[in-house]
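Residues per chain are reported as follows:
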Amino acid sequence: MTNAASLEPSSAMSSSGASIRVEDDRTGLSIETLRRAFADHLFFLLGKTDRSATAADYYTSLSYTVRDRLLRRWMKTQEAYRNPGNKVVCYLSAEFLMGRHLGNSLINLGLHKPVQEAMEASGLELDDLIEIERDPGLGNGGLGRLAACFLDSLATLQIPAMGYGIRYEFGIFHQMIQNGWQVEIPDQWLKLQNPWEIMRREESIEIKLGGHTESQHDEKGQHRVVWIPSRTVVAVPYDTPVPGYRNNTVNTLRLWKAEASNEFNFDAFNAGNYDRAVSDKLTSENISKVLYPNDNTPQGRELRLEQQYFFVSASLQDMIRRHLAVHPNLDNFHEQFAIQLNDTHPTVGVAELMRLLVDEHGMYWDQAWTICQKTFAYTNHTLLPEALERWPVELFERVLPRILEIVYEINHQFLEQVAKWYPGDEGLMRRLSIIQEDGEKSIRMANLACIGSHAINGVAALHTELLKQSTLRDFYQLWPEKFFNKTNGVTPRRWILLSNPELSELYSEKLGNDDWLHDLSLLPQLEPQVNDGAFCDRWRAIKQTKKQALAEYILNHTGIEVDSNSLFDVQVKRIHEYKRQLLAVMEIITLYNRLKANPNAEIVPRTFIFGGKAAPGYFMAKLIIKLTNAVGALVNCDPDVRGRIKVVYLPNFSVSLGQRVYPAADLSEQISTAGKEASGTGNMKFSMNGALTVGTLDGANIEIREEVGEENFFLFGLTAQEVADTKAAGYRPRDYYDTNTALRQVIDQIDSGLFCPGEPELFKPLVESLLNEDTYLLLADYQAYVDAQDRVSEAYKDQTSWTKMSILNALRTAKFSSDRTIAEYCSEIWDAKAVPIELQDYNPDRPNAPLRVPIRRAN
Ligand code: 26W
């Protein structure tokens with residue numbers, strides 16, 4: 001590494017007394033050093049010169065340059081976490097939707113400006129380089145993105161934390177829209193090298209699968225169960241740094257990749273079975289091959305169970321190894337680790353920790369069970385009954401024979417207790433049992449999670465109430481003290497600062513500093529500005545800039561030209577019947593019909609923007625995408641419409657596309673059937689960026705409305721209670737069809753083939769479902785929704801008052817910062833405390849201090 005001296009002011013004094021600055025290429029922060037480090041990586045790491053370098057090479061070199069500047073903090077942080085007494089929060093999640101790393105690292109390090117200048121000096125545009133990064137799409141939707149927001153807040157609050165998950169080789173599929181249909185393309189996000197991860201092969205862990213168990217006696221004559229697996233796979237960790245905002249904390253996201261165990265293959269090879277050895281290798285590596293693209297509907301697939309066990313077992317063994325490196329035994333494991341189960345996907349961990357403590361570390365069952373319950377906590381993310389994970393006992397027995405025995409033992413001891421507390425209540429026993437006996441015998445993962453955890457939480461106030469009343473009612477009666485609400489939140493760093501630098505600049509300018517990024521409750525200080533004309537003009541100008549940028553993106557990616565002065569009405573989220581994208585399409589058709597009936601009708605021009613993926617096997621969701629595009633095809637070029645309504649389907653919605661979309665929205669569509677959306681988090685991102693919400697009393701919408709004020713929110717529709725009552729009374733969707741002319745016209749048009757000339761049958765399944773079942777009460781809420789949308793249009797005409805409402809929405813979102821959520825988890829569930837990281841040898845203001853890296857001979 002070269003050290004360069006430059007004549008810049010700094011604290012270092014040369015012998016002659018002139019002030020010079022000596023910077024290391026790996027850590028220096030001056031423009032000059034950043035440029036040199038960038039060129040160094042390009043040449044020496046990638047073997048490229050300006051003649052041969054691609055844009056991707058520039059991105060990669062820059063990413064390494066930035067990563068270098070995280071490393072001292074990262075190593076220091078990890079060192080500090082090895083100290084006994086610093087409890088580490090381990091967030092176990094099958095999904096992490098981190099979003100792009102480069103931009104985030106730059107803002108967290110406070111390096112955005114200098115790096116931008118350094119790139120400019122090299123003739124490169126930083127924003128273009130940032131766009132080259134492939135979104136690591138290792139999740140489906142809300143649950144995966146929540147995990148990423150939580151990691152950001154944990155690091156920002158300086159809480160010792162690790163994210164543990166799977167390094168899927170293929171993340172969520174890439175969505176294309178062809179002829180209006182969703183087409184799925186494999187997501188090869190690792191095709192370019194990933195500069196943000198470091199492989200730690202030496203920390204690999206062996207995972208057992210299949211086989212059988214045997215009872216043995218150890219040397220002391222103690223009874224022991226030994227699991228003899230039929231195969232083993234190796235979990236190789238890949239670590240990604242998770243930096244806090246403007247502090248020294250850098251936590252770790254550790255993702256496991258499955259590899260074949262060499263030993264095992266060697267056996268096959270030695271037996272003269274070379275092809276078996278190779279095919280076994282492929283089978284092993286399948287485990288971390290692909291993310292299951294289902295949101296809310298589990299597929300009872302063997303590989304999925306293997307994925308869950310694989311990453312959970314590796315993570316728990318990793319924690320135990322860390323623990324034993326500094327403690328004599330595992331008696332205080334629960335004081336060192338808090339483990340959060342992100343839905344039931346990692347819940348097999350309850351039984352696995354028991355196995356590790358009892359079978360592998362010789363602990364007595366009762367002590368192990370106490371430790372387990374004190375360590376685990378469980379978050380539920382959905383009430384939909386079809387989303388509850390259940391694994392056939394037969395499958396468990398085949399894949400995880402020892403784990404099944406342990407689940408049975410946990411269940412046996414638990415039910416014995418229940419029998420003591422509620423003698424003779426067989427119904428209760430049947431409902432609480434981990435094992436479902438009727439139908440195919442299966443394991444209820446939610447029950448295992450509730451029994452094995454000391455805390456159970458929902459993700460918004462209504463959701464938690466409904467959990468207590470319905471889904472987890474029996475557990476609530478048993479242990480009311482275990483239940484908590486933790487309303488979700490999102491990180492203002494990504495969802496305001498990164499997505500909307502223009503708005504951020506306005507805040508910092510008016511508040512005099514950027515403390516608000518650590519504390520959104522400072523924003524309401526700006527409320528008096530709603531009466532300041534200049535402030536309001538600036539607010540509108542920012543929104544307009546973001547809308548223009550999105551309009552350009554839309555043109556480039558869909559070919560559709562939209563008017564950035566129209567109202568941008570946006571619904572972006574996974575496609576699911578309960579989220580009712582179809583209801584929004586019915587509204588579009590309603591407006592269209594009004595214009596066809598009276599082409600000169602006065603209407604507020606609107607651009608309806610949709611985005612989101614459907615599970616590849618979800619027929620109805622895919623048909624809804626097709627209908628949306630079909631309606632768009634007709635409406636967008638109808639001369640009577642005269643461009644006053646446009647419908648756009650943005651392909652491949654993702655975290656990074658979200659960063660463009662939320663700031664450009666005027667109206668946020670949050671129209672799920674009340675009681676079905678556990679929380680929603682997109683709703684918060686929209687509101688933070690000054691969109692108004694049209695929404696039902698569902699999930700976190702309720703709390704958003706409470707915070708921003710009911711006069712700044714467009715409410716409609718049945719409440720959760722009314723939904724339940726309507727269903728109980730025998731809901732008949734046809735009654736609405738028969739009595740509402742506008743509604744009937746819309747449905748008849750969908751039915752008639754108006755939107756699918758040549759294929760009149762195409763959309764009939766949607767009509768049938770609406771008229772016969774209408775599980776999600778679209779018809780019951782239709783008129784209320786249309787009326788609410790009319791109120792929206794009316795309000796939008798008065799731009800002065802609309803702007804005020806927009807400002808108040810954005811300023812009143814402090815509650816929805818994930819910093820608030822995480823602070824609550826820390827104090828009420830994890831008992832975790834901040835551990836500020838000191839860098840004696842690293843002071844950002846004195847970057848020229850020498851780096852000391854002691855080298856020890858490896859043992
Ligand atoms: C195994 C199949 C499966 C896959 C994903 C079942 C369930 C899920 C998740 C629970 C689905 C999900 O992402 N739920 C969303 O979680 C968000 C974060 O808490 C909430 O804001 C959303 O309302 C909820 O739908």
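This text goes with the structure placed above it.
It should be emphasised that the depicted structure is a prediction, and the values quoted were computed from it without experimental measurement.

Colleague: Would you explain helix α23 (residues 619-636) in this entry?
Modeller: For an α-helix the count is 3.6 residues per turn, leaving residues at separations of three or four pointing the same way. Its 18 residues place the ends of α23 26 Å apart at the C-alpha level, agreeing with the 26 Å of an ideal helix rising 1.5 Å per residue. The element α23 is largely enclosed, with a buried count of 15 among its 18 residues.

Colleague: What exactly am I supposed to notice about the site of the ligand here?
Modeller: Near the ligand lie 22 residues; those nearest to it are H381, N488, E677, S679 and G680. Within the side chain of N488, a nitrogen or oxygen atom sits 2.8 Å from an oxygen atom of the ligand. Between the ligand and A678 there is a distance of 3.3 Å, counted from an oxygen atom to a backbone nitrogen or oxygen. When isolated, the ligand has an accessible area of 570 Å², and the protein chains bury 97% of it. Ranked by the residues each element gives to the shell around the ligand, the list is headed by helix α6 (residues 142-156), at three residues. Of the residues assigned to the shell around the ligand, the class counts are six nonpolar, 11 polar and five charged.

Colleague: I'm lost on the packing of α6 against helix α33 (residues 818-830) in this one. Help?
Modeller: Packed helix pairs are characterised by how far apart their axes lie and by the angle those axes make with each other. Contact pair α6 / α33: the axes reach a minimum separation of 9 Å and the direction vectors enclose 75 degrees. Relative to α33, the element α6 lies roughly perpendicular. Along its contact with α6, which presents C149, F150, S153 and L154, the element α33 presents S818, D819, T821, I822, Y825 and W830. Looking at the contact of α6 with α33, its residues break down into six nonpolar, three polar and one charged.

Colleague: Explanation requested: the pairing of strand β16 (residues 376-379) in the structure shown.
Modeller: If a strand is regular, its side chains alternate between the two faces of the sheet. Taking every second residue as pointing to the same face, both faces of β16 are buried, with F376 and Y378 on one and A377 and T379 on the other. Bridge analysis of strand β15 (residues 337-342) against β16 gives four bridges, and the strand direction is parallel. The residue of β16 that forms the bridge with L341 is Y378. Direction of pairing for β16 relative to strand β20 (residues 455-458): parallel, over a ladder of three bridges. The partner of Y378 across the bridge, within β20, is I456.

Criteria and cut-off values
- Residues numbered from 1 in each chain as written.
- Predicted model: local features only at pLDDT ≥ 70, side-chain atom pairs only at ≥ 80, totals over all residues.
- Heavy atoms only, no water.
- Helix = DSSP H or I, 4+ residues; strand = E, 2+ residues; numbered from the N terminus.
- Expected span 1.5 Å × (residues − 1).
- Buried < 20%, exposed > 50% of the residue type's maximum accessible area, 1.4 Å probe, protein only.
- Near = heavy atom within 4 Å.
- Polar contact = N/O pair within 3.5 Å; in protein donor to acceptor, adjacent residues only side chain to side chain.
- Areas by Shrake-Rupley, 256 points an atom, 1.4 Å probe, with all protein chains shown as cover.
- Nonpolar A, V, L, I, M, F, W, Y, C, P; charged D, E, K, R; others polar.
- Axes fitted to C-alpha atoms, helices over the stretch in contact; angles between N-to-C directions.
- Parallel < 35°, antiparallel > 145°, perpendicular 65-115°, else oblique.
- Contact = heavy atoms within 4.5 Å.
- Pairing = 2+ DSSP bridges.

Keep in mind that these numbers describe shape and distance, not what the molecule does.
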